[in-house]
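Listed below are the residues making up each chain.
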Amino acid sequence: MVPTGRLSNLPSSFRAAYRDCVSDFLTADHRTFDSRAKIFTSWCSDDLRGLDDQQCLMILGTYTHDVKRGYNHEKRSDYAPDTIRGYLKAAHGYLQALLARDIYIMDPHHGGTKPRLHPFLGDQLAGRRRWRKPKPRYEPFTVDMFLALDDVWELHYW
């Protein structure tokens, strides 16, 4: 979303730079964000107008949970936390645009300098951060190796 407002009272050099920035933004590839937002709209077909921030948190948390379980483009349940966060950001952006207001999804009780996601959302991503897709089991010896050894054994020792 491009911020709107009056530019007439700003310096002309800034207005020119801002127009260039907006032009670059509008021609950039936003397909990933848009397609993830479209997944959210297909997931939640109900009318979402009139929700408060707590209800939005519940919806976003439930959606994040479903994305982790495979409700995504590729029907995969092994996405990395950053990919799931991308789906969350797209859904959050869609809700903010639909409701025409900011929806605060950060932890209001966190006292640190860097804001943290609300625990309902952050814990789901943290759990995924600890989880990794299992790698294929490494087998040091294969059947073919044993068959080759058997052939060598028969040639030399029988």
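Residues numbered from 1 in each chain as written. Predicted model: local features only at pLDDT ≥ 70, side-chain atom pairs only at ≥ 80, totals over all residues. Heavy atoms only, no water.

**Describing the overall build of the protein**
Broken down by element type, the protein carries 6 helices and 0 strands. Helices and strands appear in the protein in the N-to-C order α-α-α-α-α-α. Of all 158 residues assigned to the protein, the portion counted as buried reaches 28%. A separation of at least 24 residues holds for 63% of the contacts in the protein among residues at least 6 apart in sequence. Of the roughly 11,800 Å² that the protein leaves accessible, carbon and sulfur atoms contribute 57%. (Helix = DSSP H or I, 4+ residues; strand = E, 2+ residues; numbered from the N terminus. Buried < 20%, exposed > 50% of the residue type's maximum accessible area, 1.4 Å probe, protein only. Contact = heavy atoms within 4.5 Å. Areas by Shrake-Rupley, 256 points an atom, 1.4 Å probe, with all protein chains shown as cover.)

**Considering the pattern of salt bridges**
Throughout the structure, instances matching the rule amount to 4 salt bridges. The salt bridge involving Arg76 is made with Glu74; its shortest N-O contact spans 3.1 Å. A salt bridge links Asp78 to Arg76, with the nearest nitrogen and oxygen atoms 2.8 Å apart. With relative accessibility at 33%, the residue Arg76 sits in the partly exposed group. Within this structure, Glu74, Arg76 and Asp78 form a network of salt bridges that share partners. (Salt bridge = Lys/Arg side-chain N within 4 Å of Asp/Glu carboxyl O.)

**A short note on the layout of surface pockets**
Considering only enclosed or pocket space, the largest pocket measures out at about 320 Å³ in volume. Residue lining of the largest pocket: 15 residues in total, with Arg85, Pro115, Arg116, Leu117 and Gly122 positioned closest to the centre. Secondary-structure elements contributing two or more residues to the lining of the largest pocket are helix 4 (81-99) and helix 5 (119-130). In the lining of the largest pocket, the residues fall into 7 nonpolar, 2 polar and 6 charged. (1 Å grid on protein atoms, 1.4 Å probe; cavity = no way out; pocket = protein on both sides within 12 Å on 5 of 7 lines; lining within 4 Å. Points joined across faces, edges and corners; volume = space filled by probe spheres on them. Nonpolar A, V, L, I, M, F, W, Y, C, P; charged D, E, K, R; others polar.)

**Looking at helix 3 (residues 53-68)**
With 16 residues, helix 3 extends 22 Å between its outermost C-alpha atoms, agreeing within 8% with the 22 Å of an ideal straight helix rising 1.5 Å per residue. Along helix 3, the positions that sit buried rather than exposed are Cys56, Leu57, Ile59, Leu60, Gly61, Tyr63, Thr64, Val67 and Lys68. If you check the start of helix 3, you find a side-chain oxygen 3.2 Å away from the backbone N of Gln54, and it comes from Asp52. Among the residues trailing helix 3, Gly70 stands out with phi positive, at a value near 120°. (Expected span 1.5 Å × (residues − 1). Polar contact = N/O pair within 3.5 Å; in protein donor to acceptor, adjacent residues only side chain to side chain.)

**Description of the packing of helix 3 against helix 4**
Between helix 3 and helix 4, whose axes approach to 10 Å, the crossing angle comes to 145°. Where helix 3 crosses over helix 4, the two elements pack in a sense that is right-handed. Note on element contacts: helix 4 touches helix 3 through Ile84, Tyr87, Leu88, Ala91, His92, Leu95 and Leu99, opposite Cys56, Leu60, Tyr63, Thr64, Val67 and Lys68. The residue makeup of the contact of helix 3 with helix 4, split by class, is 10 nonpolar, 2 polar and 1 charged. (Axes fitted to C-alpha atoms, helices over the stretch in contact; angles between N-to-C directions. Left-handed = near helix turned anticlockwise from the far one by under 90°.)

**Some thoughts on the packing of aromatic side chains**
Taken as a whole, this structure holds 6 aromatic pairs when the rule is applied. Ring pairing ties together the aromatic residues Phe40, Trp43, Tyr63 and Tyr94, which thus form one cluster. The lysine or arginine in question, Arg36, covers the ring of Tyr87, its NZ or CZ lying 4.8 Å from the ring centre. When the ring centre of Tyr71 is taken as reference, the NZ or CZ atom of Lys75 above it lies at 5.8 Å. (Phe/Tyr/Trp six-rings, centres within 6.5 Å; stacked < 30°, edge-to-face > 60°. Lys NZ or Arg CZ within 6 Å of the ring centre and 35° of its normal.)

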